[in-house]
Amino acid sequence: MEGWDPNTKSTLTQIPLLTTKAGPRDGAAWTQRLKEEYRALIAYTQMNKSNDNDWFRISAANSEGTRWTGKCWYVHNLLKHEFDLQFDIPVTYPATAPELELPELDGKTQKMYRGGKICLTVHFKPLWAKNCPRFGIAHALCLGLAPWLAAEIPILVDSGMIKHKDDAASSNES
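Source: prediction; values computed, not measured.

## What about the pattern of salt bridges?
Under the defined criterion, the tally for this structure stands at seven salt bridges. Linking Glu 82 and Lys 80 is a salt bridge whose minimum nitrogen-to-oxygen distance equals 3.9 Å. By relative accessible area, Glu 82 is classed as partly exposed at 38%. Overall, the relative accessible area of 40% leaves Lys 80 in the partly exposed class. Measuring nitrogen to oxygen at the nearest pair gives 3.3 Å for the salt bridge that ties Glu 99 to Lys 117. Pair noted here: Glu 99 is in the loop between β3 (79–88) and β4 (112–113) and Lys 117 is in strand β5 (residues 117–118), with a separation of 18 residues, a long-range link. Overall, Glu 99 belongs to the partly exposed group, its relative accessible area being 40%. We classify Lys 117 as partly exposed; its relative accessible area is 25%.

Below, the structure is given as structure tokens:
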């Protein structure tokens, strides 16, 4: 964590680390891992709310906990830009990080793969590999999606690639 800003360090140290090394094919061990994932997500969400930094909602979309959906948002120029968020837990999880998807931004930035998967290869994947199996979904959101949104959304808004829902509605009425 050398070279990290104090806020990121503080946030990361408050997200519980996970201990169970299990993926979707590991039966009871996967159930235990999911419990740890939920604990970490709840802690991260509560911390964000207490710091007035609430920026996502996710939940498992299936009973196995292998498909997750929700919303994330980023405030730029005092306007809230909200996006659908989805991802699947890879079969090789936790050795492989989930690929976070923002489908409505597909094709709008070079830092994205087909299907709206955000690019995390250079900065996040080595960090994930180094911290496997202690990192989980909450860590992927904190160290993957949050910095990506902070870097990309202002550029996309300022370049006109995405518009705030109120701006889009008023231009449709004209």
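## What about the nonpolar core?
Membership of the largest hydrophobic core comes to 43 residues, with the highest contact counts inside it found for Leu 102, Leu 141 and Leu 145. Those elements giving two or more residues to this core turn out to be α2 (28–50), β1 (56–60), β2 (67–76), β3, α3 (124–130) and α4 (137–158). Apart from residues no more than four positions distant in its own chain, Leu 102 is found in contact with Cys 72, Phe 83, Asp 84, Leu 85, Met 112, Gly 116, Ile 118, Leu 145, Trp 148 and Leu 149.

## Some points on the pairing of β1
As judged from the five bridges shared by β1 and β2, these two strands associate in the antiparallel manner. Looking at the pairing, Ser 59 lines up with Thr 69 of β2. Remark: six residues form the turn of the hairpin made by β1 and β2, two consecutive strands paired antiparallel; Gly 65 in that turn has positive phi of roughly 75°.

## Re the layout of surface pockets
Looking at the largest pocket, its volume works out to about 620 Å³. Along the walls of the largest pocket sit 24 residues, with Asn 7, Tyr 44, Asn 53, Cys 142 and Ala 146 positioned nearest its centre. Of all the secondary-structure elements, those providing two or more residues to the lining of the largest pocket are α1 (6–14), α2, β2 and α4. Per-element tally for the lining of the largest pocket: the top contributor is α4, with six residues. Here the residues of the lining of the largest pocket are counted per class, giving 13 nonpolar, eight polar and three charged. There is about 330 Å³ of room inside the second largest pocket.

About the criteria used
Sequence order as written defines residue numbering, which begins from 1 separately in each chain. A pLDDT threshold of at least 70 governs which residues receive local features in this predicted model, and a stricter bar of 80 or more applies before side-chain atom pairs are shown or counted, although totals over entire chains, interfaces and linings include all residues. Water and hydrogen atoms were dropped before computing side-chain values, which therefore reflect all heavy atoms in the structure. The term salt bridge refers to a pairing of a side-chain nitrogen on Lys or Arg with a carboxyl oxygen on Asp or Glu at a separation within 4 Å. Remark: exposure states derive from per-residue accessible area (1.4 Å probe, protein chains only) relative to the maximum for the residue type, with buried under 20%, exposed over 50%, and partly exposed in between. In this description a helix means any DSSP run of H or I spanning at least four residues, a strand means any run of E spanning at least two, and both kinds are numbered starting from the N terminus. Definition of nonpolar core: a set of buried residues of the types Ala, Val, Leu, Ile, Met, Phe, Trp, Tyr and Cys, connected through side-chain atoms within 4.5 Å. Throughout, a contact is declared for two residues whenever any of their heavy atoms are within 4.5 Å. Strands are labelled as partners when DSSP assigns at least two bridges between them. A 1.4 Å probe that fits but cannot get out identifies a cavity on a 1 Å grid over protein atoms alone, an open set with protein on both sides within 12 Å along at least five of seven lines counts as a pocket, and a residue lines either if it has an atom within 4 Å of a point. Grid points are joined across faces, edges and corners, and a volume is the space filled by probe spheres set on the points. When residues are grouped by polarity, Ala, Val, Leu, Ile, Met, Phe, Trp, Tyr, Cys and Pro land in nonpolar, Asp, Glu, Lys and Arg in charged, and all others, Gly among them, in polar.

Geometric descriptors of this kind do not, in isolation, establish any biological role.
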